Amino acid sequence: MSTPVIIFLILLFAAMFASYKANKLTPAGTLTGGVVALAIFAGAGFTGIGMLAAFFVLSVLATSHKKAEKRKIATDKHHPEKRNAGQVLANGGIAAIMGLLAYQIPSQTILFTVLTAAALASATADTLSSELGMVYGRRFYNIINFKPDEKGRDGVISLEGTLIGIAGSVVIAVIYAIGFGWGNTFFYIIIAGTMGNITDSILGATLERKAYLNNDAVNFLNTALSVLTCWLLILI
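Rules and cut-offs
- Residues numbered from 1 in each chain as written.
- Predicted model: local features only at pLDDT ≥ 70, side-chain atom pairs only at ≥ 80, totals over all residues.
- Heavy atoms only, no water.
- Helix = DSSP H or I, 4+ residues; strand = E, 2+ residues; numbered from the N terminus.
- Rg over C-alpha atoms; globule rule 2.2 N^0.38 Å.
- Buried < 20%, exposed > 50% of the residue type's maximum accessible area, 1.4 Å probe, protein only.
- Contact = heavy atoms within 4.5 Å.
- Axes fitted to C-alpha atoms, helices over the stretch in contact; angles between N-to-C directions.
- Parallel < 35°, antiparallel > 145°, perpendicular 65-115°, else oblique.
- Left-handed = near helix turned anticlockwise from the far one by under 90°.
- Salt bridge = Lys/Arg side-chain N within 4 Å of Asp/Glu carboxyl O.
- Expected span 1.5 Å × (residues − 1).
- Arc of directions from axis to C-beta.
- Patch = residues over 30% accessible without salt bridge, like charges linked within 9 Å, V, L, I, M, F, W, Y side chains within 5 Å.
- Areas by Shrake-Rupley, 256 points an atom, 1.4 Å probe, with all protein chains shown as cover.
- Core = buried A, V, L, I, M, F, W, Y, C linked by side-chain atoms within 4.5 Å.
- pLDDT = per-residue confidence, 0-100.
- Polar contact = N/O pair within 3.5 Å; in protein donor to acceptor, adjacent residues only side chain to side chain.
- Phe/Tyr/Trp six-rings, centres within 6.5 Å; stacked < 30°, edge-to-face > 60°.

## Here's the deal with the overall build of the protein chain
Scanning the protein chain for helices and strands turns up 8 helices and 2 strands. Secondary structure elements of the protein chain, listed N to C terminal, follow the sequence α-α-α-α-α-β-β-α-α-α. For 236 residues, the compact-globule formula gives about 18 Å, and the C-alpha radius of gyration of the protein chain, at 17 Å, lands near that figure. Each principal axis of the C-alpha atoms in the protein chain carries an extent, and together these give about 55 × 45 × 30 Å. Within the protein chain, buried positions represent 50% of all 236 residues. Contacts in the protein chain between residues at least 24 apart in sequence constitute 73% of all its contacts with a sequence separation of at least 6.

## A look at the packing of helix α5 (residues 109–136) against helix α8 (residues 215–235)
Direction vectors running N to C along α5 and α8 enclose 135 degrees, while the axes themselves pass 8 Å from each other. As far as their axial angle goes, α8 and α5 are oblique. Considering how the two elements wind past one another, α5 and α8 form a crossing that is right-handed. In this structure, α5 contributes L111, V114, L115, A118, A119, S122, A123 and D126 to the contact, and α8 contributes N219, N222, T223, S226, V227, C230, W231 and I234.

## As for the pattern of salt bridges
Summed over all chains, the structure comprises 1 salt bridge. R209 is the salt-bridge partner of D149, the closest N and O atoms lying 2.9 Å from each other. Residue D149 is found in the loop between β1 (141–142) and β2 (156–157), and its partner R209 is found in the loop between α7 (184–208) and α8; the two are separated by 60 residues along the sequence.

## Overview of helix α1 (residues 3–21)
Look at α1: 27 Å from first C-alpha to last across 19 residues, which is about the 27 Å you get at 1.5 Å a residue. Those residues of α1 lying buried are F8, L12, M16 and S19. All buried residues of α1 lie within an arc of 70 degrees about the axis, which places them on one face of the element. Exposed side of α1, more than 90 degrees from the buried face: T3, I10, L11, F13, F17 and K21 are the residues found there. Considering only its buried residues, α1 is in contact with α2 (27–64). A positive phi of about 60 degrees marks N23, the residue just after α1.

## Observations regarding the environment of G29
Tracing the backbone through its elements, the reader meets G29 in helix α2. Considering only alpha carbons, one finds G29 and F41, 12 residues apart in sequence, at a separation of 18 Å.

## Looking at a nonpolar patch on the surface
Residues I144, F187, I191, M195, I198 and I202 make up a contiguous nonpolar surface patch of roughly 510 Å² in combined accessible area. Here I191 is to be found in helix α7.

## Description of the nonpolar core
L115, L120, I172, I189 and C230 are the most contacted members of the largest nonpolar core, which totals 42 residues. Contributing elements (two or more residues each) for this core: α1, α2, α4 (85–104), α5, α6 (159–180), α7 and α8. Excluding its chain neighbours within four sequence positions, the residues that come into contact with I189 are V114, A117, A118, A121, S169, A173 and Y176.

## Here's the deal with the confidence of the model for the protein chain
Summing up the model confidence of the protein chain, the mean pLDDT is 93 and the portion of residues at 70 or higher is 95%. Confidence, read as mean pLDDT per element, is least for helix α3 (residues 67–71) in the protein chain (71) and greatest for α6 (97).

## Quick look at the environment of S64
Examined against the element boundaries, S64 turns out to sit in helix α2. Accessibility expressed as a relative area gives 25% for S64, which makes it partly exposed. For the pair S64 and P148, spaced 84 residues apart in sequence, the C-alpha to C-alpha distance is 27 Å. Of the polar contacts made by the side chain of S64, one reaches the backbone oxygen of V60; its length is 2.9 Å.

## Some words on the packing of aromatic side chains
The geometry of an aromatic ring pair is captured by the separation of the ring centres together with the interplanar angle, meaning the angle of the planes. A full pass over the atoms with the stated rule returns 5 aromatic pairs. Centre to centre, the rings of F41 and F46 are 5.1 Å apart; their planes meet at 75 degrees, and the pair counts as edge-to-face. Seen from their ring centres, Y176 and F180 are 5.0 Å apart, and the 40 degrees between their planes marks the pair as tilted. A residue pair is termed a helical-turn pair when its members lie 3 or 4 positions apart in one helix, as Y176 and F180 do in helix α6 at 4 residues. Using a relative accessible area of 3% as the deciding quantity, one classes Y176 as buried. Three or more aromatic residues link up through ring pairs in this structure, and these residues are F8, F41 and F46.

See the structure below:
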């Protein structure tokens, strides 16, 4: 076993233990998070783990930020502080699949590492925009008709929340670029993450409000759409 792998495994088990003890993940969520991390590391190495760690840390901080204030808001959106296995897969499952594909198809490693970043950019943008947009947004609109709507409801957006979401995608894109180099992919990741976040809001305003989809399904689909968007941008 190589030294980088040993270092990774030590860091992984330490992070899993700390996340569980801090009540950020359920036991099943902890194990699932470990599997997701393994898949991403296999394909994208420490840069992939850096992106995953950025998503997790930013999500935890955003969810915890001004909890008392957010409890007073009637909301459809739920990003609980203690995440279970389903929620971990909803946010990280697509990124894990891309990581495995990067590992299994060496000739396409660069493509699938970019797509891994796109999926994590979308997950980060979605969580930050919804959690912090509720707090810092000034005017809230339904994304379908752009009529004023109640903050915290599925499919309701604000300018501030959208910009915060874009900033989240930028963080992931920067980490990717530091690890794999700067280029057009930097912008593709940001665009894909933003499109995934917008897709989340559209699905929330339509299918989720009507209970055809739950929040986990919407999160999974928005990361999948971000991957498709990034792939199309690369092909153009």
